[in-house]
Amino acid sequence: MDMTSPLTSVLPSAHGPVIAVLVRAGEPLTGRRVAELTSPQVSQTQTATVLRSLAEAGLVSVTPAGTANLYSINREHLLYEGLHELVTAKERLWARMTELATGWTSPPVAVVVFGSAARGDGSTTSDIDVLVVRPAEVDDDDPAWQEGLSALVAQVRRWTGNNVDLLSCSPHELESMAERGETLLTNIRTDGRFLIGNRSSVPSPKGSA
């Protein structure tokens, strides 16, 4: 799955980014504004072409506003619910990962997605980087813990098609990394999507501002 714009996994064209903007928009937008909000970026000319085709299909409503037009998604269209599911795929992935991990025998102290998947600049071939912080009283080789990690990796792969680069650490191991000044911790604290726990679960590396 394209972690930047999941909709492009099934609509690999300018349509995906434009539809994503309209589905997420809380109000009608001009064509220029739609183009500005697209990710990956779609030119204003391409956006106008897509908006015309979507309006012809009844998926987009067009309202004149002076010299411009305002565009909004038609939420009554039969295809809207399917498009909404595609646009919000990333949020549903986070929810599934959270639900899975909280059901473990010993739930993790923290689960953090970091790297390109968290920043939103990945692709269909990008790994999903995940930090899992295990409770201090749980050994790394605990069978139930290892089973949980394996299930998480396997399920994320099934849900997305992406490989998972998993980092499992105890709070003590994270403190040791911080003492060594490992900048990975800064990246996790800055860009990480904390599904379980919060930034206090990951210490700042020694020497960081």
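Everything discussed here concerns the structure shown above.
These numbers were taken from a predicted model, which means no experiment stands behind them. (Residues numbered from 1 in each chain as written. Predicted model: local features only at pLDDT ≥ 70, side-chain atom pairs only at ≥ 80, totals over all residues. Heavy atoms only, no water.)

Time to look at the pattern of salt bridges. This model, assessed by the stated rule, comprises 7 salt bridges. Arg 24 is paired through a salt bridge with Glu 91; the nearest N and O atoms lie 2.9 Å apart. Of this pair, Arg 24 sits in helix α1 (residues 15–24) while Glu 91 sits in helix α5 (residues 89–102), and the two are 67 residues apart along the sequence. On the basis of relative accessible area, Glu 91 is assigned to the partly exposed category, the value being 34%. Ionic pairing is found between Glu 173 and Arg 134, a salt bridge with its closest N-O pair at 3.4 Å. Residue Glu 173 is located in helix α8 (residues 171–179), and its partner Arg 134 is located in the loop between β5 (128–133) and α7 (143–160); the two are separated by 39 residues in the primary sequence. By sharing partners, the salt bridges in this structure join Arg 134, Asp 140 and Glu 173 into a single network. (Salt bridge = Lys/Arg side-chain N within 4 Å of Asp/Glu carboxyl O. Helix = DSSP H or I, 4+ residues; strand = E, 2+ residues; numbered from the N terminus. Buried < 20%, exposed > 50% of the residue type's maximum accessible area, 1.4 Å probe, protein only.)

Where helix α4 (residues 80–87) meets α5, the axes come as close as 5 Å, and the angle between the chain directions of the two elements is 60°. Considering the angle they form, α4 stands oblique to α5. Across the interface between the two elements, Glu 85, Leu 86 and Val 87 of α4 pack against Ala 89, Glu 91 and Arg 92 of α5. Looking at side-chain class alone, the contact of α4 with α5 contains 3 nonpolar, no polar and 3 charged residues. (Axes fitted to C-alpha atoms, helices over the stretch in contact; angles between N-to-C directions. Parallel < 35°, antiparallel > 145°, perpendicular 65-115°, else oblique. Contact = heavy atoms within 4.5 Å. Nonpolar A, V, L, I, M, F, W, Y, C, P; charged D, E, K, R; others polar.)

The next thing to look at is the packing of α1 against α4. Contact geometry of α1 with α4 gives a least axis separation of 10 Å together with a crossing angle of 100°. By the angle class used here, α1 and α4 are roughly perpendicular. Counting all contacts with α1, which are made through Ile 19, Ala 20, Val 23 and Arg 24, the residues of α4 involved are Tyr 80, Leu 83, His 84 and Val 87. Looking at the contact of α1 with α4 residue by residue, the class counts come to 6 nonpolar, 1 polar and 1 charged.

A few words now on the sheet that holds strand β3 (residues 68–73). Ordered by their spatial adjacency, 3 strands build an open sheet running β1-β3-β2, and the pairing between neighbours is antiparallel. Of all the strands in the sheet, just β1 (29–30) and β2 (60–65) have a single pairing partner and so form its edges. Sheet topology places β1 next to β3; 2 bridges connect them, and they run antiparallel. Across the sheet, residue Leu 29 finds its bridge partner in β3, namely Tyr 71. (Pairing = 2+ DSSP bridges.)

Sheet strands associate in pairs through backbone hydrogen bonding, adopting either a parallel or an antiparallel arrangement. Judged by pairing direction, the sheet is mixed, and its 4 strands sit side by side in the order β6-β5-β4-β7 without closing on themselves. What marks the edges here is a single partner per strand, and that holds for β6 (164–169) and β7 (193–196). The average undirected angle you get between the axes of adjacent strands in this sheet is 20°. Summarising the sheet, strand β4 (residues 110–114) and β5 pair through 5 bridges and their orientation is antiparallel. In the sheet register, Ala 110 faces β5, and the bridge partner there is Val 133.

So, on to α1. In terms of burial, α1 is a largely internal element, 8 of the 10 residues being buried. Listed in full, the buried residues belonging to α1 are Gly 16, Pro 17, Val 18, Ile 19, Ala 20, Val 21, Leu 22 and Val 23.

Looking now at the side chain of Asp 129. Along the chain, Asp 129 falls in strand β5. Buried and unpaired, Asp 129 has no salt bridge, with Arg 119 as the nearest side chain of opposite charge at 6.6 Å. When sequence neighbours within four positions are dropped, the list of residues in contact with Asp 129 reads Val 112, Val 113, Phe 114, Gly 115, Ser 116 and Asp 165. (Lys, Arg positive; Asp, Glu negative; His and termini not counted.)

With that settled, consider the packing of aromatic side chains. For the structure shown, the criterion picks out 1 aromatic pair. Taken together, a centroid distance of 5.3 Å and an interplanar angle of 85° make the contact between Trp 104 and Trp 145 edge-to-face. In this pair, Trp 104 sits in the loop between α5 and β4 while Trp 145 sits in helix α7, placing the two residues 41 residues apart along the sequence. As far as burial versus exposure is concerned, Trp 104 and Trp 145 are alike and both buried. (Phe/Tyr/Trp six-rings, centres within 6.5 Å; stacked < 30°, edge-to-face > 60°.)

It is worth spelling out the environment of Val 153 at this point. Among the structural elements, Val 153 can be located in helix α7. With relative accessibility at 27%, the residue Val 153 sits in the partly exposed group. Distance in space between the C-alpha atoms of Val 153 and Thr 124 is 17 Å, their sequence separation being 29 residues. Non-local contacts of Val 153, meaning those with residues more than four positions away in its chain, are made with Val 164 and Leu 166.

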